[in-house]
Amino acid sequence: MRKFLVVLDDSRECLNAMRFAAMRAAHTEAGVTILAVIPPEEFNHWIGVGDIMRQEARERIEAHFEVFAKWMRDKQGIDPELVIREGEPVAEIIAQVQEDPEVGVLVLGAGSDRKGPGPLVTQLSRNSGSLPIPITIVPGDLSKERLEEIT
């Protein structure tokens, strides 16, 4: 089975990437893996405090994931898989792509403000020639209706 890999983060454009991945998966009988990466700098504290913060980060991610997962199940008939990794986001995304041979497309949401598309899109675009799969970059300001037309 082919899967779409989409990154879960706190950005606004993440929503359109999730929608795109779920709708494409539903139309192509594929799956969706949602990847959340916890950066290492969140835990540079004493061991006990770092462990508590790590657990809290995982709980936030799981709650955020459930919102998207419910929508995917209810509206698209897709039951997504959650993967949580710890490390530098770009390195962990590339590692996930390399470790899961079923991943066929990486879906990223691009910001539409003056800051540019966002650090993940910028960094992964530079590496796109050496990735074993294509990257789909979804504009963050596309309407839900336009996304439905595209997918």
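Scroll up to find the structure this text is about.
Thresholds applied
Each residue is numbered by its place in its chain's sequence as written, counting from 1. Local features in this predicted model are restricted to residues whose pLDDT is 70 or higher, and side-chain atom pairs enter the listing and the counts only when it is 80 or higher, whereas totals over whole chains, interfaces and linings include all residues. Working from all heavy atoms in the structure, the side-chain values ignore hydrogens and water. Under the DSSP-based scheme used, a helix requires at least four consecutive residues in state H or I and a strand at least two consecutive residues in state E, with every element numbered from the N terminus. The quantity called the radius of gyration is restricted to C-alpha atoms. Its globule counterpart is 2.2 Å times the number of residues to the power 0.38. Residues count as neighbours in contact if any of their non-hydrogen atoms are within 4.5 Å of one another. Per-residue and other accessible areas follow the Shrake-Rupley method at a 1.4 Å probe size, with only the shown protein chains counted as cover for residues. Counting rule for charge: Lys and Arg are taken as positive, Asp and Glu as negative, and neither His nor the chain ends is counted. Here the site of a charge means NZ on Lys, CZ on Arg, CG on Asp, or CD on Glu. With axes taken as lines fitted to C-alpha atoms, and helix axes fitted only over the stretch in contact, angles between N-to-C directions fall between 0 and 180 degrees. Reported orientations rely on four angle classes, namely roughly parallel under 35 degrees, roughly antiparallel over 145, roughly perpendicular from 65 to 115, and oblique for the rest. Handedness of a crossing follows from how the near helix is turned relative to the far one, being left-handed for an anticlockwise turn of less than a right angle and right-handed for a clockwise one. The classification used treats Ala, Val, Leu, Ile, Met, Phe, Trp, Tyr, Cys and Pro as nonpolar, Asp, Glu, Lys and Arg as charged, and all other residues, Gly among them, as polar. Throughout, exposure labels follow a simple rule: accessible area from a 1.4 Å probe, protein chains only, divided by the maximum for the residue type, with under 20% read as buried, over 50% as exposed, and the rest as partly exposed. Definition of a polar contact: a pair of N or O atoms within 3.5 Å, with one able to donate and the other able to accept a hydrogen when the atoms are protein atoms, and with sequence-neighbouring residues admitted only if both atoms are side-chain atoms. We count a salt bridge whenever a side-chain nitrogen from Lys or Arg sits within 4 Å of a carboxyl oxygen from Asp or Glu. The directions considered for the arc run from the helix axis to the C-beta atoms. Strands qualify as paired when DSSP identifies two bridges or more between them.

1. Here we look at the overall build of the protein
Phase 1: Scanning the protein for helices and strands turns up 5 helices and 5 strands.
Phase 2: When the helices and strands of the protein are placed in sequence order, the string is β-α-β-α-β-α-β-α-β-α.
Phase 3: Here the C-alpha radius of gyration of the protein, 15 Å, is about what a compact globule of 151 residues would show, namely 15 Å.
Phase 4: Expressed along its principal axes, the backbone C-alpha trace of the protein runs to roughly 50 × 35 × 35 Å.
Phase 5: In the protein, of all internal contacts separated by at least 6 residues, the share reaching a separation of at least 24 is 73%.
Phase 6: Carbon and sulfur atoms make up 50% of the accessible area of the protein, which totals about 8,400 Å².
Phase 7: Positive and negative side-chain charges of the protein, numbering 17 and 25 respectively, have mean locations separated by a distance of 5 Å.

2. Remarks on the packing of helix H3 (residues 89-99) against helix H4 (residues 119-127)
Axis angle and axis distance: for two packed helices, these are the angle between their axes and the distance between the axes, and together they describe the pair.
Phase 1: At a minimum axis distance of 10 Å, the contact between H3 and H4 shows a crossing angle of 50°. Between H3 and H4, the angle falls in the class oblique. Judged by the twist between their axes, the crossing of H3 over H4 is right-handed. Contacts from Pro89, Val90, Ile93 and Ile94 of H3 reach H4 at Leu120, Gln123, Leu124 and Asn127.
Phase 2: Looking at side-chain class alone, the contact of H3 with H4 contains 6 nonpolar, 2 polar and no charged residues.

3. What to know about the side chain of Lys3
Phase 1: On the secondary structure map, Lys3 appears in strand S1 (residues 3-8).
Phase 2: Judged by relative accessible area, which is 8%, Lys3 ranks as buried.
Phase 3: Of note is the side chain of Lys3, whose polar atom sits 3.1 Å from the side chain of Glu81.
Phase 4: With residues near it in sequence (within four places) discarded, Lys3 still touches Gly31, Thr33, Glu81, Asp100, Glu102, Val103, Gly104 and Val105.

4. Things to note about the side chain of Thr151
Phase 1: Here Thr151 lies in the segment after helix H5 (144-150).
Phase 2: Engagement of the side chain of Thr151 in a polar contact is seen with the backbone oxygen of Glu148, the distance being 3.5 Å.
Phase 3: With residues near it in sequence (within four places) discarded, Thr151 still touches Phe20, Met23, Arg24 and His27.

5. Quick notes on the pattern of salt bridges
Phase 1: Considering all chains together, one arrives at 11 salt bridges under this definition.
Phase 2: Across the salt bridge formed by Arg146 and Glu149, the nearest N and O atoms sit 3.0 Å from each other. Remark: Glu149 and Arg146 occur in helix H5; sequence separation between them is 3 residues, near one turn of the helix.
Phase 3: On the basis of relative accessibility, which here comes to 41%, the residue Arg146 falls in the partly exposed class.

6. Considerations on H4
Phase 1: Three or more residues of H4 are buried, namely Leu120, Val121 and Leu124. Summarising the axial view, the buried residues of H4 lie within an arc of 95°, below the 170-degree limit, and thus occupy one face. Exposed and oriented more than 90 degrees from the buried face of H4 are Pro119 and Arg126.
Phase 2: As for H4, its buried residues are in contact with S1, H3, strand S4 (103-110) and strand S5 (135-139).

7. Considering the pairing of S4
Phase 1: With respect to burial, S4 is a largely interior element, 8 of its 8 residues being buried.
Phase 2: Note that S1 and S4 share 4 bridges and pair parallel. For Lys3, the partnering residue across the bridge sits in S4 and is Val103.
Phase 3: Here S4 runs beside S5; their pairing, made up of 5 bridges, is parallel.

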